[in-house]
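So you can see what is in the structure, the chains are spelled out below.
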Amino acid sequence: MTTQAPLPAPDFTPTDDVFVRKHMGVPSIDVDDWTLVVEGLVEHPLRLDMAEVLALGTERLPAFHECFGSPFAPDVPTRAVAQVEWAGVPLAALLDRAAPRATARHVWFEGADTGSFHGQDGLTYVKDLPLPVARGDVFLAHRMNGEPLRAEHGFPLRAVAPRMFGTNSVKWLTRIVLADRRADSVFTTRFYNRVLPGDSEPSPVREVDVSSKLFAPGEGEEIPAGHAVLSGRAWSTSAIVAVGISVDGGPWEPAVVDAAGAGPTWQRFSLRRELAPGTHHIRCRATDGAGRTQPLAGARNSVHEVGVVVAGE
Ligand SMILES: Nc1nc2c(c(=O)[nH]1)N[C@H]1C(S)=C(S)[C@@H](COP(=O)(O)O)O[C@H]1N2
Ligand SMILES: [Mo]
């Protein structure tokens, strides 16, 4: 049984601590020269400058943000996760203006970064999503944690695909294409595909796995003897319903888990527990409302373990 605490305000990762991932470098963009194009299978192709994007209105979206990790190592955990407050506009606002044709099935997102990746030259960063998914969920952000996007996080505008791995959230967004087929890019068809449990064919890396991470104490931390508070964050595509914490291979003890928010935010969990002096190995394991539980090993969402040293009395 998990005790549900009252709904807390979402906690955000300071921007300085948010991980940065890029495949081909950070393009330097002058916002006065920047435009966003919406084209392909639309009745009204658009070309918007930043003033026109801002004129669509600004909403906020608190959301966790997680990197899938190397497309060549789909079973290696990265633990690269953050939670930020995005500000921007839902993609639907642009699609309403552009009016996709009935034949449009997919939305392609292209960034301004170009270059080479794994021996292939002349690439641009392109991702795609089915139109109903993109229309329902994708957000176009121009601010992160109350300030304009920093260059490395996608200035001046990026896509945010909530509850999906970060690879889908295209930074330095310049072009959106409505199409009747998937985008034929190395980043859509060749890299970032994986075989999900129970499947025989690979599918695109999109929705996150159920996962959790211990935030405190941190790896290698020395803590005083007595009662320690073991805490972290858990997230999935649905609400986290339980987090177990195991000390030194012992039973999974139920942590107190914050109630799920309405949006794509992570949930805090904690367990107050006595730890004897010496070295301890602490693991956490989350279960979501769909009944998915983190595997113990061998997967990118395997349970997280930290080693801590409890000082003698
Ligand atoms: N244009 C572009 N967008 C991109 C990438 C990229 O290389 N180019 N990397 C993706 C990956 S793998 C991740 S995890 C997130 C990281 O976003 P962040 O650096 O703002 O944390 O951006 C995604 N969007
Ligand atoms: Mo990533």
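Predicted model only: the values in this text are computed from it and were never measured.

**Some points on the sheet that holds strand β21 (residues 278-288)**
Within the open sheet, the five strands sit side by side as β15-β22-β21-β17-β18. Their pairing is mixed. This sheet does not close on itself; its edge strands, each paired only once, are β15 (222-223) and β18 (253-254). For β21 and strand β22 (residues 304-310), the ladder comprises seven bridges, and the chain directions are antiparallel. Along β22, the bridge assignment pairs H281 with G307.

**Here we look at the nonpolar core**
Ranked by internal contacts, the top residues of the largest apolar core, which has 46 residues, are F109, L140, L173, I176, L178 and F187. The contact partners of F187, leaving out residues within four places of it in the chain, are H23, M24, F117, L123, T124, Y125, V126, K127 and Y192. In this structure, V243, L271, I282 and V306 belong to the second largest nonpolar core, which totals 21 residues.

**Notes on the side chain of S212**
In this fold, S212 is placed in strand β14 (residues 211-216). Polar contacts involving the side chain of S212 include one to the side chain of Q294, which spans 2.6 Å. Ignoring anything within four residues of it in the chain, the contact list for S212 reads R79, R233, A234, W235, F269, C284, R285, A286, Q294 and H304.

**Overview of unusual backbone geometry**
A cis geometry characterises the amide bond from F155 onward to P156, with omega recorded as 5 degrees. When you line up the elements, P156 lands in the loop between β9 (147-148) and β10 (158-160). Of note, the amide linkage connecting A216 to P217 takes the cis form, showing an omega dihedral of -5 degrees. Within the secondary structure, P217 is located in the loop between β14 and β15. The residue N145 is not glycine, and still its phi comes out positive at about 50 degrees.

**Description of the environment of I240**
With respect to the element layout, I240 can be found in strand β17 (residues 240-247). Looking at I240, the relative accessible area reads 3%, which means it is buried. When the C-alpha positions of I240 and E221 are compared, they lie 27 Å apart, and in sequence the two are 19 residues distant. When near neighbours in sequence (up to four residues on either side) are disregarded, I240 contacts V210, A234, W235, V257, Q267, A286, T287 and D288.

**Remarks on the packing of aromatic side chains**
Here the structure, examined in full by the defined rule, presents 10 aromatic pairs. A centroid spacing of 6.4 Å and a plane angle of 45 degrees characterise the contact between F64 and W235, whose relative ring orientation is tilted. With a gap of 171 residues between them, F64 in strand β4 (residues 59-66) and W235 in strand β16 (residues 226-235) connect regions that are remote in the sequence. A single burial state applies to F64 and to W235, both of which are buried. With a centroid separation of 5.5 Å and an interplanar angle of 85 degrees, the aromatic rings of F215 and W266 are classed as edge-to-face. With F215 in strand β14 and W266 in the loop between β19 (256-258) and β20 (267-275), this residue pair connects regions lying 51 residues apart in the sequence.

**A short note on the sheet that holds strand β3 (residues 46-48)**
Backbone-to-backbone hydrogen bonds pair the strands of a sheet. The strands run either parallel or antiparallel. Read across the sheet, five strands follow the order β3-β2-β11-β6-β7 without closing on themselves; strand pairing throughout is mixed. With partners counted over all chains shown, the strands left at the sheet margins are β3 and β7 (120-130), one partner each. Put simply, the sheet's adjacent strands are angled 20 degrees from each other on average, direction ignored. Set on the sheet, helix α2 (residues 91-98) makes contact with β2 (36-40), β3, β6 (106-117) and β11 (173-179); between it and β3 the angle comes to about 135 degrees.

Conventions we followed
- Residues numbered from 1 in each chain as written.
- Chains lettered and ligands numbered in written order.
- Predicted model: local features only at pLDDT ≥ 70, side-chain atom pairs only at ≥ 80, totals over all residues.
- Heavy atoms only, no water.
- Pairing = 2+ DSSP bridges.
- Helix = DSSP H or I, 4+ residues; strand = E, 2+ residues; numbered from the N terminus.
- Core = buried A, V, L, I, M, F, W, Y, C linked by side-chain atoms within 4.5 Å.
- Buried < 20%, exposed > 50% of the residue type's maximum accessible area, 1.4 Å probe, protein only.
- Contact = heavy atoms within 4.5 Å.
- Polar contact = N/O pair within 3.5 Å; in protein donor to acceptor, adjacent residues only side chain to side chain.
- Phe/Tyr/Trp six-rings, centres within 6.5 Å; stacked < 30°, edge-to-face > 60°.
- Axes fitted to C-alpha atoms, helices over the stretch in contact; angles between N-to-C directions.

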